[in-house]
Amino acid sequence: MSTSATSSGRRPLVGVSFKMYFDIPKTKSYLDESISLLSSNLSSLAQPADVFVIPDFVTLTSVASQISSANSTFLLGAQDVHSQDSGAFTGEVSPKVLAQAGVKFVEIGHAERRRYFGETDEDVANKAAAIAKNGMVPLICIGEVSKPKNINDLSISDVEMVVEECWRQIRPALEAMDNQAEVVLAYEPVWAIGKSEPASPEYVVKITKALRRRYNKDYVESAKGRTDASMRILYGGSAGPGLFAKIREGVDGLFLGRFAHQPQAFIETIKEIAGTK
Ligand SMILES: O=C[C@H](O)COP(=O)(O)O
C-alpha cells in the first residue's frame, strides 16, 4: 500500500492481536488466508491503510517470514517488550531484537498486562521510550476501568473524568518519548474488552474526540513540538465488522481481537476502514 495520508493527515490504521488464543498451526493458517484475502482485495481499497497483525512471541519470526515471502503489506506487531535493549532479564524480550525481527508496532499497557502482570504507567513510559528509540511505534493501550453509571447521558464533567483517567496512563509515556516520535493510542474501555459487544458508538466518539482535544491542547498547541498527525487513535474492545462507520468521527481505525479471529471478518473490517472503490 502507498504511504500517502488522508485529509486528516493521518493514515487509517487497523490491526488484530491474537493475544494467547492461537497455536502455531492456527497462526500459520490464519496468516496464509489473510495474506491471500488482503492481496486480492488490495486494488479495490479506496485509500491506503496500515494493517498490522500481532502474534505471540513464539510465532513472531515465522509470521515475519510469511509476510515477507508473500510480499504482503501486513505490518508486524508485538504484544509486549522490555525497556532495556539487553541484559540479565530472564524471560523478557528486547526492543532491539523486536526491531531486528521486523516489528513496527509494539503494544504496551494492555488492560490484561496491567491487571494480571502489574504493568504500571511508569513501565509503559519506559517501554514507550525504548520502542521509539529502536525505531518502532508504541501502541499504547489506555482506558477507564469502570463503566460510567450515566453512560447514556454523560455530562461534560463525566467525559472529563474518563479522559483524566486515560490521560494519567498516557502522559508519562508522551513525556518519556522524543517529541518527533509517532505514537498510537488504543482506547479500550476495560469494561468493554472481551464482551459480546463494544461500547456504544456515541460514547466512543465522545471520549476519543475529547482525547484528541486533550492531546492537541497539551502537546500540539502548547508548542511542545508534536503534531496532530503524529498520534493516531484506535478503538478496541469487542470491535468487529460494522463498527468503524459509526465511530469514524473520533478514531483513525480499530484495534481488533476475537471478532477478527476469522480472516474474512478481518478483511471485511479492513475494507470498511480503508473504504472501497
Ligand atoms: O487486544 C485487543 C483488545 O483487547 C480487544 O479484544 P476483544 O475484541 O477480544 O475484546
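Residues numbered from 1 in each chain as written. Predicted model: local features only at pLDDT ≥ 70, side-chain atom pairs only at ≥ 80, totals over all residues.

- Under an unreviewed UniProt entry, the name given to the protein is Triosephosphate isomerase, and the organism recorded is Kalmanozyma brasiliensis.
- Under the UniProt heading Sequence similarities (unreviewed entry), the note attached to the protein is "Belongs to the triosephosphate isomerase family."
- The protein has a UniProt comment under Subunit (unreviewed entry) that states "Homodimer." (UniProt positions renumbered as here; feature names shortened; annotations may be inferred.)

**Looking at the packing of helix α5 (residues 121-133) against helix α6 (residues 156-176)**
In step 1: At their nearest, the axes of α5 and α6 sit 8 Å apart, and the two run at 35° to each other. In the packing of α5 onto α6, the handedness of the crossing is right-handed. From α5, D121, E122, V124, A125, N126, A128 and A129 reach across to α6, where they touch R168, Q169, P172, A173, E175 and A176.
In step 2: Its residues placed into classes, the contact of α5 with α6 shows 7 nonpolar, 2 polar and 4 charged. (Axes fitted to C-alpha atoms, helices over the stretch in contact; angles between N-to-C directions. Helix = DSSP H or I, 4+ residues; strand = E, 2+ residues; numbered from the N terminus. Left-handed = near helix turned anticlockwise from the far one by under 90°. Contact = placed C-beta atoms within 7 Å. Nonpolar A, V, L, I, M, F, W, Y, C, P; charged D, E, K, R; others polar.)

**Describing the site of the ligand**
In step 1: Around the ligand lies a shell of 13 residues, among which S17, G236, S238, G257 and R258 are the nearest.
In step 2: In the shell around the ligand, the residues fall into 5 nonpolar, 6 polar and 2 charged. (Near = placed C-beta within 6 Å.)

**Thoughts on the confidence of the model for the protein**
In step 1: On average, residues of the protein score 96 in pLDDT, and 97% of them are at 70 or above.
In step 2: We note a pTM of 0.96 for the whole complex and an ipTM of 0.99 for its interfaces. (pLDDT = per-residue confidence, 0-100.)

**What about helix α2 (residues 60-69)?**
In step 1: Buried within α2 are the following residues: L60, V63 and Q66. Summarising the axial view, the buried residues of α2 lie within an arc of 120°, below the 170-degree limit, and thus occupy one face. Among the exposed residues of α2, those pointing more than 90 degrees away from its buried face are S65, S68 and S69.
In step 2: Immediately downstream of α2, the backbone of N71 shows phi near 55°, a positive value. (Buried ≥ 20, exposed ≤ 12 C-beta atoms within 10 Å, placed from the backbone. Arc of directions from axis to C-beta.)

**A short note on the packing of α6 against helix α7 (residues 201-220)**
In step 1: Direction vectors running N to C along α6 and α7 enclose 50°, while the axes themselves pass 10 Å from each other. Relative to α7, the element α6 lies oblique. Between α6 and α7 lies a crossing whose hand is right-handed. Contacts from V159, V162, V163, C166, W167 and L174 of α6 reach α7 at K206, I207, A210, L211, R214 and Y219.
In step 2: When grouped by side-chain class, the residues that make up the contact of α6 with α7 number 10 nonpolar, no polar and 2 charged. (Parallel < 35°, antiparallel > 145°, perpendicular 65-115°, else oblique.)

**Concerning the sheet that holds strand β6 (residues 183-187)**
In step 1: The strand order around the closed barrel built from 8 strands is β1-β2-β3-β4-β5-β6-β7-β8, with neighbouring strands paired in parallel fashion. Strand-to-strand twist of the sheet, defined as the mean angle between neighbouring strand axes without regard to direction, takes the value 25°.
In step 2: Taken together, the 4 bridges between strand β5 (residues 137-142) and β6 define a ladder with parallel strand orientation. Across the sheet, residue C141 finds its bridge partner in β6, namely A186. (Pairing = 2+ DSSP bridges.)

**Looking at the pairing of strand β7 (residues 231-236)**
In step 1: Among the 6 residues that make up β7, 6 are buried, leaving the element largely enclosed by the rest of the structure.
In step 2: Burial along β7 is two-sided: the residues M231, I233 and Y235 and R232, L234 and G236 are all buried.
In step 3: Bridge analysis of β6 against β7 gives 5 bridges, and the strand direction is parallel. Directly across from V184, in β7, lies its bridge partner R232.
In step 4: One crossover worth recording links β6 to the parallel β7 by way of α7, and it is right-handed. (Right-handed = clockwise from strand over helix to strand, strands pointing away.)

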